[in-house]
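Structure at a glance
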Amino acid sequence: MSDILDRLQAVLDQRRQAAPQESYVAALHHKGLNKILEKVGEEATETLLAAKDAEHGGEAERQALIAETADLWFHSLVMLSHLDLDHRDVLDELARRFGVSGHDEKAARPQ
Ligand SMILES: N=c1c2ncn([C@@H]3O[C@H](COP(=O)(O)OP(=O)(O)OP(=O)(O)O)[C@@H](O)[C@H]3O)c2ncn1[C@@H]1O[C@H](COP(=O)(O)O)[C@@H](O)[C@H]1O
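Residues numbered from 1 in each chain as written. Predicted model: local features only at pLDDT ≥ 70, side-chain atom pairs only at ≥ 80, totals over all residues. Heavy atoms only, no water.

**What about the overall build of the chain?**
Each helix and strand counted, the chain has six helices and zero strands in total. Across the 111 residues in the chain, those meeting the buried criterion constitute 28%. Considering only intrachain contacts with a sequence separation of at least 6, the fraction spanning at least 24 residues in the chain is 52%. If you sum the accessible surface of the chain, you get close to 7700 Å²; carbon and sulfur atoms cover 58% of it. (Helix = DSSP H or I, 4+ residues; strand = E, 2+ residues; numbered from the N terminus. Buried < 20%, exposed > 50% of the residue type's maximum accessible area, 1.4 Å probe, protein only. Contact = heavy atoms within 4.5 Å. Areas by Shrake-Rupley, 256 points an atom, 1.4 Å probe, with all protein chains shown as cover.)

**Quick look at unusual backbone geometry**
Of note, Asp 84 is a non-glycine position whose phi angle comes to about 60°, a positive value. Relative to the helices and strands, Asp 84 is located in the loop between α4 (59–82) and α5 (87–98). Residue classification places Asp 84 among the exposed positions, given a relative accessible area of 62%.

**Digging into the environment of Arg 88**
Mapped onto the elements of the fold, Arg 88 is located in helix α5. Residue class for Arg 88 comes out partly exposed when judged on its relative accessible area of 22%. The spatial distance from the C-alpha of Arg 88 to the C-alpha of Glu 59 is 32 Å, given a sequence separation of 29 residues.

**Notes on the site of the ligand**
Lining the immediate surroundings of the ligand are Leu 8, Val 11, Arg 15, Ser 23, Tyr 24, Val 25, Lys 39, Glu 42, Glu 43, Asp 71, Phe 74 and His 75. Between Tyr 24 and the ligand, the recorded distance is 3.2 Å, taken from a backbone N or O atom to an oxygen atom. Between an oxygen atom of the ligand and a side-chain N or O atom of Lys 39, the distance comes to 2.5 Å. Here the ligand loses 51% of its free accessible area of 840 Å² to cover by the protein chains. Elements supplying a minimum of two residues to the shell around the ligand: α1 (4–15), α2 (24–31), α3 (33–55) and α4. Across the shell around the ligand, the residue classes break down as five nonpolar, two polar and five charged. (Near = heavy atom within 4 Å. Polar contact = N/O pair within 3.5 Å; in protein donor to acceptor, adjacent residues only side chain to side chain. Nonpolar A, V, L, I, M, F, W, Y, C, P; charged D, E, K, R; others polar.)

Here it is, written out as structure tokens:
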């Protein structure tokens, strides 16, 4: 479970070379950065609306928030991939802010 981001990233990397008709992610790359950013913006809006619903909602609203947040994270990963970045760069930055050097983790990355 903990390596799901690495496994998803491997698929996202592969989709940059795939034909647009074969895959949603490949189609997003083909449409370009503006389309990807449009999706990130849409998913961000849907996430904050879901968060408002979840504040006073029940289990269904909490699950909807989880689903919208997953959509937002997913499209953010596509955005990073389109710009030759990935989740490891963000995790390194979070580690740096947390007071842990991300350098060692970065050096250990598979190339
Ligand atoms: N995690 C996801 C994921 N989350 C959300 N989505 C897609 O993101 C879209 C969400 O956008 P919307 O809800 O706005 O739906 P939509 O109206 O169809 O989208 P638009 O036409 O407006 O672009 C849906 O089409 C979802 O299927 C995802 N598509 C793919 N993945 C992962 O990416 C991998 C590669 O996907 P493919 O490129 O499709 O093979 C898959 O194996 C999954 O693990």
